Amino acid sequence: MNPFSLGSFPATRLRRLRVDDFTRKLVTETNLSPQNLIQPLFVMEGEKQTEDIPAMPGLCRYTIDTLLEEVAELQDLHIPAIALFPVIQPHLKSDFAKEAYNDQGLLQRCIHQVKTTFPHMGVIADVALDPYTSHGHDGVLNSKGEVDNDSSVAILLKQALSLAKAGADIVAPSDMMDGRIQMIRKGLENEGYTMVRILAYAAKYASSYYGPFRGAVGSASQLKGASKASYQMNPANSHEAMREVAFDIQEGADFIMIKPGMPYLDIVYRVKQQFKVPTFVYQVSGEYSMHMAAIQAGHLEEQAAIMESLLCIRRAGADAILSYFAKKAAGWLKAGDLP
Ligand code: PBG
């Protein structure tokens, strides 16, 4: 049936459905709730400190104790999960990212503390080597200086197991190596972590919108402008994203993720239509910075623009959204302000 043959003017006036607030509410197709939101948080060594992140106004890095205070607030706002990203001290970075699987490492200690204090808060731990490598890549290099797939996967597996051991509910490989989901799933099963979930950054693009994040975790100075295009996806490609997602599901991912968010909503839509699996979207650091710059300059109205951005990501097909706006949005939703 052709939906456009169902009526004609004036029998059909679509504005009747927009004429007042109650009608608009009744015909709303998409909603946004705190339960759809995941807050990414940056953690660093130290005590009782927070440190502002200049490129991401309003956000800061936390030490373990201040992290716990923040998590308490997020829990009160009904945010179901957080995603943790560590700032690793320069002297702990190395060519083969040994610190990534140190059971007493910063991220491992943070996970343990959060899970001990807030057992109901979901904790997502990133699996990738970029905070830990001296060159800033997500994997390790071979003798030719290329990011080597299989030796990287072997280290990512050790990292994932260390994070699971620390208590992570969800491990989230964001490295884009081939076959890592399969290896991590097998490793988790073998070690008895059968309920640890894998959130696969399945379609992760080589995007310029990650710039502020790399400043926040301090990997930009290591990377020195080097490209991640040999492992992250080409922004020109969409069919390839479908293959990436298909592989990750087949290899044992529980949720898949598309990243970045707003410029890639066609990918979100296609993936959700095709696979109908839990689909997450990462509204990345550059999207945050872009919004905040325009808001601070007075060009965008803060609440309306932020809520619209999140709602549109949901409309495209996202079940949950990792967003640096999660806390702010949950605060507005608590006050009863719907997007
Ligand atoms: C690391 C990682 C990155 C992000 C999440 N995990 C950076 C990158 O791939 O260079 C980006 C998140 C953001 O920009 O907010 N593998």
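Residues numbered from 1 in each chain as written. Predicted model: local features only at pLDDT ≥ 70, side-chain atom pairs only at ≥ 80, totals over all residues. Heavy atoms only, no water.

Our next topic: the site of the ligand. The environment of the ligand is made up of 18 residues, and the closest members are K204, R214, K259, S285 and Y324. A distance of 2.9 Å is found between an oxygen atom of the ligand and a side-chain nitrogen or oxygen belonging to Q232. Side-chain polar atom of S285 to an oxygen atom of the ligand: 2.7 Å apart, as the coordinates give it. Across the complex, the protein chains shield 100% of the 400 Å² of accessible surface that the ligand would expose by itself. When atoms are counted within 2 Å of each cavity's grid points, the one that captures over half of the ligand is the largest cavity. (Near = heavy atom within 4 Å. Polar contact = N/O pair within 3.5 Å; in protein donor to acceptor, adjacent residues only side chain to side chain. Areas by Shrake-Rupley, 256 points an atom, 1.4 Å probe, with all protein chains shown as cover. 1 Å grid on protein atoms, 1.4 Å probe; cavity = no way out; pocket = protein on both sides within 12 Å on 5 of 7 lines; lining within 4 Å. Sits in = over half its atoms within 2 Å of the grid points.)

Which parts of space are left empty comes out when a probe the size of a water molecule is rolled across the atoms. Inspection of every chain in the model, using the stated rule, returns 2 cavities of 30 Å³ or more. Here the largest cavity defines a volume of roughly 120 Å³. Looking at the largest cavity, it is lined by 15 residues, and the ones nearest its centre are D130, K204, Y210, F213 and K259. Of the residues assigned to the lining of the largest cavity, the class counts are 5 nonpolar, 3 polar and 7 charged. For the second largest cavity, the calculated volume is near 40 Å³. (Points joined across faces, edges and corners; volume = space filled by probe spheres on them. Nonpolar A, V, L, I, M, F, W, Y, C, P; charged D, E, K, R; others polar.)

Time to look at the packing of helix α8 (residues 239-251) against helix α9 (residues 265-275). Axis separation between α8 and α9 bottoms out at 10 Å; the angle between their running directions is 45°. Considering their axes alone, α8 and α9 lie oblique with respect to each other. Crossing hand, α8 versus α9: right-handed. Taking contact as the criterion, the partners of H239, A241, M242, V245, A246 and I249 in α8 are, on α9, I267, R270, V271, Q274 and F275. (Axes fitted to C-alpha atoms, helices over the stretch in contact; angles between N-to-C directions. Helix = DSSP H or I, 4+ residues; strand = E, 2+ residues; numbered from the N terminus. Parallel < 35°, antiparallel > 145°, perpendicular 65-115°, else oblique. Left-handed = near helix turned anticlockwise from the far one by under 90°. Contact = heavy atoms within 4.5 Å.)

Moving on to the side chain of T133. Among the structural elements, T133 can be located in the loop between β5 (122-127) and β6 (140-141). The exposure class of T133 is buried, given its relative accessible area of 0%. There is a polar contact of 2.8 Å between the side chain of T133 and the backbone oxygen of H137. When residues no more than four places from it in sequence are discounted, the contact partners of T133 are K93, S94, D95, A97, G139 and Q222. (Buried < 20%, exposed > 50% of the residue type's maximum accessible area, 1.4 Å probe, protein only.)

Once that is clear, we can look at the packing of aromatic side chains. Taken as a whole, this structure holds 11 aromatic pairs when the rule is applied. An aromatic cluster is present here, built from F42, F85, Y201, F213, Y282, Y288, Y324 and F325 joined pairwise through their rings. Stacked on the ring of Y210, the Lys or Arg K204 has its end atom at 5.5 Å from the ring centre. Geometry around Y210 places K259 over its ring, the cationic atom sitting 4.5 Å from the centre. (Phe/Tyr/Trp six-rings, centres within 6.5 Å; stacked < 30°, edge-to-face > 60°. Lys NZ or Arg CZ within 6 Å of the ring centre and 35° of its normal.)

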